[in-house]
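Coordinate inspection notes
Spelled out from the first residue to the last, the chains are:
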Amino acid sequence: MESTDSRARRIVFFVPPHVHLLDLAGPAQVFDTALRAGAPYTLHYCSPQAIQESAQGMVVAQLTPLASVTRDDLIIVPGMEWEHFSLEAALLDQETRDWLRSASQAGAHIASVCTGAFALGEAGLLDGRRCTTHWAQLELLQVRFPRARVLDNVLFVHDGTITTSAGIASGIDLALAFLEHAQGPMFAAQVARHLVVYMRRNGSEPQRSIYLEYRTHLHSGVHCAQDYLISHVAEHVSLDELADIAKVSSRGLNRAFKEATGLTPVQYHQRLRLELAATLLANPTLRVEDVAIQCGFEDVRHFRRLWQRQFGMPPSLSRTLHHMA
């Protein structure tokens, strides 16, 4: 993988008290993977305290003090344990609120994951802005910060240099979106695939993902088949090959796959290819024909028909609407 931006950028993770580990680790893993692939980033972890205990009981240590930031920095604020939220009690001390405000005034981009939006609200950064948080805390966010424009059923929202995202795992989607903007869709797609993030969702999609629901079953053989298809999205994979991997008969796999996911293995494979296509279509240098081939479709007309059936419009129009959004 090769990045398209040679300028180094600091990714500063603010670690609050009672931080949710996945809120922190998910985006950190995305940027660390990008860094190891050649993207020009440096990762920093800061807090008013050198040690913070997470909501899950794990201690995060050796945190650096809050430091001055520049307009080129990206600050990410993970979410905190919900039971500490109320209408009156402040989550952050005055030093942290002042730090976030000064960072925003310096032009740094500040992004929150899940309930990290409450930290931004306490710093006055949500006033008059579109924002979101975990679906269970949307109402409280609006009551707590009445000048904010809280949006329901979105994964993340950009409003100027402030970005907020929904529940926990959406921080990965958020980080990939930043990566795509800075390094290009191809690089972001490669990072997502390395992380085995099968469906990189965009901010306008709902907080529930149908693709995650495909993995809520308990059939180990079907899980093995899904893992293999995810790792070979653009390749031809026969049902017999999948059955060997799942250690069942071809007929047994087809039946079990449909019972577990609601899709046949072929339909599931097609969905994966369409998602990869959605990412590649964001690259204006690729023709629709190029996208189809890179996703494993031998017949471009077949790709167009599947896309039309799935999204209700041709891929060319989808690309146009994406760039207008």
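Look a little higher up for the structure.
As the structure is a computational prediction, the values presented were derived from the model and not from experiment.

Structural notes on the overall build of the chain
Scanning the chain from N- to C-terminus turns up 14 helices and 10 strands. Relative to its full complement of 325 residues, the chain shows a buried share of 50%. Long-range pairs, those at least 24 residues apart, make up 66% of the contacts in the chain between residues at least 6 apart in sequence.

What about the pairing of strand E9 (residues 156–159)?
Two elements, E9 and strand E10 (residues 162–165), share 4 bridges in a ladder whose sense is antiparallel. Bridge pairing links Asp159 to Ile162 in E10. Counting the residues that bridge the hairpin from E9 to E10 gives 2 residues, and of these Gly160 lies at a positive phi of roughly 65°.

A closer look at the pattern of salt bridges
On inspection of all chains with the given rule, the structure shows 10 salt bridges. The partner of Glu289 in a salt bridge is Arg304, with the nearest N and O atoms 3.0 Å apart. In this pair, Glu289 is assigned in helix H12 (residues 288–294) and Arg304 in helix H13 (residues 300–311), connecting sequence segments 15 residues apart. Residue classification places Arg304 among the partly exposed positions, given a relative accessible area of 30%. Ionic contacts of the salt-bridge type, sharing partners, join the residues Arg129, Arg130 and Asp159 into one network.

Quick notes on the side chain of Thr115
Position of Thr115 among the secondary structure elements: in the loop between strand E6 (109–112) and helix H3 (116–122). With a relative accessible area of 0%, Thr115 lands in the buried category. Of the polar contacts made by the side chain of Thr115, one reaches the backbone nitrogen of Met80; its length is 2.8 Å.

As for the packing of aromatic side chains
The relation between two aromatic rings is expressed through the spacing of the ring centres and the mutual angle of the planes. Within this structure, the stated rule accounts for 8 aromatic pairs. The interplanar angle of 40° and the centroid separation of 5.9 Å between the aromatic rings of Phe14 and Trp99 together place this pair among those described as tilted. Of this pair, Phe14 sits in strand E1 (residues 9–14) while Trp99 sits in helix H2 (residues 94–105); the two residues are 85 residues apart in sequence, bridging distant segments of the chain. Under the relative-accessibility criterion, Phe14 is labelled buried at 1%. Between Phe31 and Tyr41, the aromatic rings sit 5.4 Å apart at their centres with planes inclined by 80°, giving edge-to-face as the arrangement.

Brief notes about unusual backbone geometry
The backbone phi angle of Gln62 is positive, close to 55°, even though this residue is not glycine. With respect to the helices, strands and loops of the structure, Gln62 is situated in the loop between strand E4 (59–60) and strand E5 (74–77). A positive phi angle, near 60°, is found at Lys247, a position not held by glycine. Note that Lys247 resides in the loop between helix H9 (239–246) and helix H10 (250–261). With relative accessibility at 73%, the residue Lys247 sits in the exposed group.

Overview of the nonpolar core
Ranked by internal contacts, the top residues of the largest apolar core, which has 32 residues, are Ile11, Phe13, Phe31, Tyr41 and Leu179. Elements with a minimum of two residues in this core: E1, helix H1 (21–36), strand E2 (41–46), E5, helix H5 (170–183) and helix H6 (185–194). Take this core: its biggest share by element is 7 residues, from H5. Leave out the neighbours within four places in its chain, and Ile11 touches Phe31, Tyr41, Thr42, Leu43, His44, Leu74 and Ile76.

Points about the sheet that holds E1
Strand order in this open sheet of 6 strands is E2-E1-E5-E6-E10-E9, and the pairing throughout is mixed. Looking at the sheet topology across the chains shown, the edges are occupied by E2 and E9. Taken pair by pair, the neighbouring strands of this sheet meet at an average axis angle of 15°, ignoring direction. Relative to E2, E1 runs parallel, the two sharing 6 bridges. The partner of Val12 across the bridge, within E2, is His44. Across the sheet, H1 is in contact with E1, E2 and E5; its angle to E2 comes to roughly 155°.

Observations regarding the environment of Leu91
By the secondary structure assignment, Leu91 is in the loop between E5 and H2. Using a relative accessible area of 16% as the deciding quantity, one classes Leu91 as buried. A C-alpha to C-alpha distance of 7.9 Å links Leu91 and Glu122, two positions 31 residues apart in sequence.

A short note on H9
Inspection of H9 places Leu242, Ala243 and Ala246 among the buried residues, and these make up the whole buried set. Looking straight down H9, one finds its buried side chains confined to an arc of 100°; they lie on one side. Just downstream of H9, Lys247 is the residue with a positive phi angle, here 60°.

Looking at the packing of H1 against H5
Packing of H1 against H5 brings their axes to within 7 Å, and their N-to-C directions diverge by 30°. One way to sum up the angle between H1 and H5 is to call them roughly parallel. Here the hand of the crossing between H1 and H5 comes out right-handed. Touching Gly26, Pro27, Val30, Phe31 and Ala34 of H1 are Gly171, Ile172, Ala175, Leu176, Phe178 and Leu179, all from H5. The residue makeup of the contact of H1 with H5, split by class, is 9 nonpolar, 2 polar and no charged.

Thresholds applied
Residues numbered from 1 in each chain as written. Predicted model: local features only at pLDDT ≥ 70, side-chain atom pairs only at ≥ 80, totals over all residues. Heavy atoms only, no water. Helix = DSSP H or I, 4+ residues; strand = E, 2+ residues; numbered from the N terminus. Buried < 20%, exposed > 50% of the residue type's maximum accessible area, 1.4 Å probe, protein only. Contact = heavy atoms within 4.5 Å. Pairing = 2+ DSSP bridges. Salt bridge = Lys/Arg side-chain N within 4 Å of Asp/Glu carboxyl O. Polar contact = N/O pair within 3.5 Å; in protein donor to acceptor, adjacent residues only side chain to side chain. Phe/Tyr/Trp six-rings, centres within 6.5 Å; stacked < 30°, edge-to-face > 60°. Core = buried A, V, L, I, M, F, W, Y, C linked by side-chain atoms within 4.5 Å. Axes fitted to C-alpha atoms, helices over the stretch in contact; angles between N-to-C directions. Arc of directions from axis to C-beta. Parallel < 35°, antiparallel > 145°, perpendicular 65-115°, else oblique. Left-handed = near helix turned anticlockwise from the far one by under 90°. Nonpolar A, V, L, I, M, F, W, Y, C, P; charged D, E, K, R; others polar.

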